[in-house]
Amino acid sequence: MHSTRRAVLFGAAAVAAPFVGTRGWAQGPAPFKFALTPVFLDNDAAVIDALRLALSQGMGQEIELVQRRTYQEISGALLDGSVDTAWTCGFPYLQHRTELSLLGVPVWRGQPLYQSYLIVGKDDAAKTLSDLRGAAHAFSDPDSNSGFLVTASDLARDHQTPEEFFSRVIFTYGHRNVVRSVAGGLTRSGSVDGYVWEALSVAEPELTAQTKVIARSEWLGFPPMVARKDRMDEPSVQACRTALLALSANPPGKDALRLLSLDGIIPGEDALFDGIAARMSILADG
């Protein structure tokens with residue numbers, strides 16, 4: 001199980017082509033397209049198949065799971081109709097809040113929340129963000145809340161940008177890659193999803209042991225599942241929402257959730273993302 005978690009949660013990079021699962025379904029209408037977040041999911045066959053199976057059974061139709069390299073690509077595909085629904089991040093969700101609606105929010109360790117972690121090497125003397133001035137830093141994605149916005153807004157409070165504060169900034173397009181960057185000494189520090197770092201500490205303790213957490217953000221809304229607002233009443237979108245919310249109530253769904261280290265999916269509400277909205281305002285005003 002640990003090896004499966006390791007592959008799905010912390011893949012090095014997303015692929016540009018969609019995943020298609022057609023086994024067991026007769027010829028019929030075009031498959032329903034569900035886009036996966038590119039930051040901590042990759043093309044691990046076991047987990048992709050488990051999630052596809054759970055959604056396919058819950059919706060009663062063929063599902064195509066689509067993955068792109070960046071959040072910007074995921075948002076673009078969702079907005080232009082290339083995909084029907086998506087698992088994204090709170091930051092891009094709020095960037096397009098007038099056009100998107102919530103389908104559901106994952107629950108991790110009993111709540112639909114997570115934190116951003118600021119990490120450094122295990123022997124690094126740094127204790128706060130201010131100690132990292134002039135060093136190299138790893139972010140995951142420019143549209144990631146935990147992997148960019150939190151640290152960028154912390155700097156904006158002091159009227160600084162990441163490019164001014166750090167000597168070098170890189171984007172790894174994967175939270176596991178942020179950890180690897182710090183553990184391997186490519187960068188002195190990194191901004192990483194706390195959910196991913198904690199799961200990695202179980203699945204790959206030898207990797208996270210090379211790093212340590214020196215700061216944790218406040219609790220923020222977990223990356224949500226969303227759809228275009230003008231499509232929320234479509235039967236297939238409603239069927240997807242129902243299937244997501246029922247994952248914890250059936251064996252295929254439970255299996256998918258177990259592999260993702262999640263408890264379930266709840267309807268959620270926009271208030272969960274108020275903290276992210278506040279940080280977006282800080283960054284905009286900084």
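Above this note sits the structure.
Scope of this entry: the structure provided in the associated data block. (Residues numbered from 1 in each chain as written. Predicted model: local features only at pLDDT ≥ 70, side-chain atom pairs only at ≥ 80, totals over all residues. Heavy atoms only, no water.)

Let's talk about the overall build of the protein chain
Next, step 1: Along its length, the protein chain carries 12 helices and 14 strands.
Next, step 2: Considering the protein chain as a whole, with its 286 residues, one finds that 57% of them fall into the buried category.
Next, step 3: In the protein chain, once contacts between residues fewer than 6 apart in sequence are set aside, the share between residues at least 24 apart is 82%.
Next, step 4: A total of about 11400 Å² of accessible surface is found on the protein chain, and carbon and sulfur atoms cover 51% of it. (Helix = DSSP H or I, 4+ residues; strand = E, 2+ residues; numbered from the N terminus. Buried < 20%, exposed > 50% of the residue type's maximum accessible area, 1.4 Å probe, protein only. Contact = heavy atoms within 4.5 Å. Areas by Shrake-Rupley, 256 points an atom, 1.4 Å probe, with all protein chains shown as cover.)

Here we look at the packing of helix 5 (residues 145-156) against helix 12 (residues 274-285)
Next, step 1: Contact pair helix 5 / helix 12: the axes reach a minimum separation of 8 Å and the direction vectors enclose 50°. In terms of orientation, helix 5 and helix 12 fall into the oblique class. Crossing handedness for the pair helix 5 and helix 12: left-handed. Across the interface between the two elements, Asn145, Phe148, Leu149, Val150, Ala152, Ser153, Asp154 and Ala156 of helix 5 pack against Ile276, Arg279, Met280, Ile282 and Leu283 of helix 12.
Next, step 2: Considered class by class, the residues forming the contact of helix 5 with helix 12 number nine nonpolar, two polar and two charged. (Axes fitted to C-alpha atoms, helices over the stretch in contact; angles between N-to-C directions. Parallel < 35°, antiparallel > 145°, perpendicular 65-115°, else oblique. Left-handed = near helix turned anticlockwise from the far one by under 90°. Nonpolar A, V, L, I, M, F, W, Y, C, P; charged D, E, K, R; others polar.)

Things to note about the nonpolar core
Next, step 1: Judged by nonpolar contacts, the single largest core of 69 residues is most densely connected at Phe34 and Leu244.
Next, step 2: Setting aside residues no more than four positions away along its own chain, phenylalanine 34 makes contact with Leu55, Glu64, Leu65, Val66, Thr85, Trp87, Met225, Cys240 and Leu244.
Next, step 3: One finds Leu132, Phe139, Phe165 and Ile214 within the second-largest nonpolar core, a separate group that totals 12 residues. (Core = buried A, V, L, I, M, F, W, Y, C linked by side-chain atoms within 4.5 Å.)

Some thoughts on helix 12
Next, step 1: For helix 12, spanning 12 residues, the distance from its first C-alpha to its last is 17 Å, which sits close to the expected 16 Å at 1.5 Å a residue.
Next, step 2: Considered for burial, the residues of helix 12 that qualify are Ile276, Ala277 and Arg279. Seen end-on, helix 12 carries its buried residues on one side only, within an arc spanning 160°.
Next, step 3: The inward-facing, buried residues of helix 12 contact helix 4 (90-95), helix 5 and strand 12 (220-221). (Expected span 1.5 Å × (residues − 1). Arc of directions from axis to C-beta.)

Points about the packing of aromatic side chains
Next, step 1: Throughout the structure, instances matching the rule amount to 11 aromatic pairs.
Next, step 2: With centroids separated by 5.5 Å and ring planes inclined at 55°, the aromatic side chains of tyrosine 114 and phenylalanine 222 adopt a geometry described as tilted. Taken together, the residues tyrosine 114 in strand 6 (residues 113-114) and phenylalanine 222 in the loop between strand 12 and strand 13 (225-228) connect sequence positions 108 residues apart. For the residue pair tyrosine 114 and phenylalanine 222, the accessibility class agrees, reading buried in each case.
Next, step 3: Ring centres of phenylalanine 139 and phenylalanine 148 lie 4.9 Å apart, and the angle between their planes is 75°; on these two criteria the pair is classed as edge-to-face. (Phe/Tyr/Trp six-rings, centres within 6.5 Å; stacked < 30°, edge-to-face > 60°.)

Regarding the sheet that holds strand 11 (residues 211-216)
Next, step 1: Strand order in the open sheet formed by five strands is 9-8-10-7-11, and the pairing between neighbours is mixed. Both outer strands of the open sheet, strand 9 (168-171) and strand 11, are each paired with one neighbouring strand and no more. Each neighbouring strand pair of the sheet contributes to a mean axis angle of 25°, computed without reference to strand direction.
Next, step 2: In terms of strand pairing, strand 8 (residues 136-139) meets strand 9 through four bridges, oriented parallel. When the sheet's bridge partners are listed, phenylalanine 139 is paired in strand 9 with phenylalanine 171.
Next, step 3: Packing against the sheet, helix 5 makes contact with strand 7 (116-121), strand 8, strand 9 and strand 10 (189-193), and its axis sits at approximately 125° to strand 10. (Pairing = 2+ DSSP bridges.)

Notes on helix 10 (residues 235-245)
Next, step 1: By the burial criterion, the buried members of helix 10 are Val237, Cys240, Ala243 and Leu244. Seen from one end, helix 10 has its buried residues packed into an arc of 120°, which puts them on one side. Counted as exposed and oriented over 90 degrees from the buried face of helix 10: Pro235 and Thr242.
Next, step 2: Contacts from the buried residues of helix 10 go to strand 2 (32-36), helix 2 (45-59), strand 4 (85-87), strand 5 (100-107), strand 13 and strand 14 (264-266).

Concerning the pattern of salt bridges
Opposite charge on two side chains lets them pair, provided their charged atoms get close.
Next, step 1: Considering all chains together, one arrives at 11 salt bridges under this definition.
Next, step 2: A salt bridge links arginine 52 to aspartate 49; the shortest N-O distance between them is 2.9 Å. Residue arginine 52 and its partner aspartate 49 are located together in helix 2, separated by three residues, close to a single helical turn.
Next, step 3: For arginine 109, the salt bridge identified is with glutamate 198, shortest N-O distance 3.9 Å. Of this pair, arginine 109 sits in the loop between strand 5 and strand 6 while glutamate 198 sits in helix 8 (residues 194-203); the two residues are 89 residues apart in sequence, bridging distant segments of the chain.
Next, step 4: We classify arginine 109 as exposed; its relative accessible area is 56%.
Next, step 5: Residue glutamate 198 is classed as buried on the basis of its relative accessible area of 14%. (Salt bridge = Lys/Arg side-chain N within 4 Å of Asp/Glu carboxyl O.)

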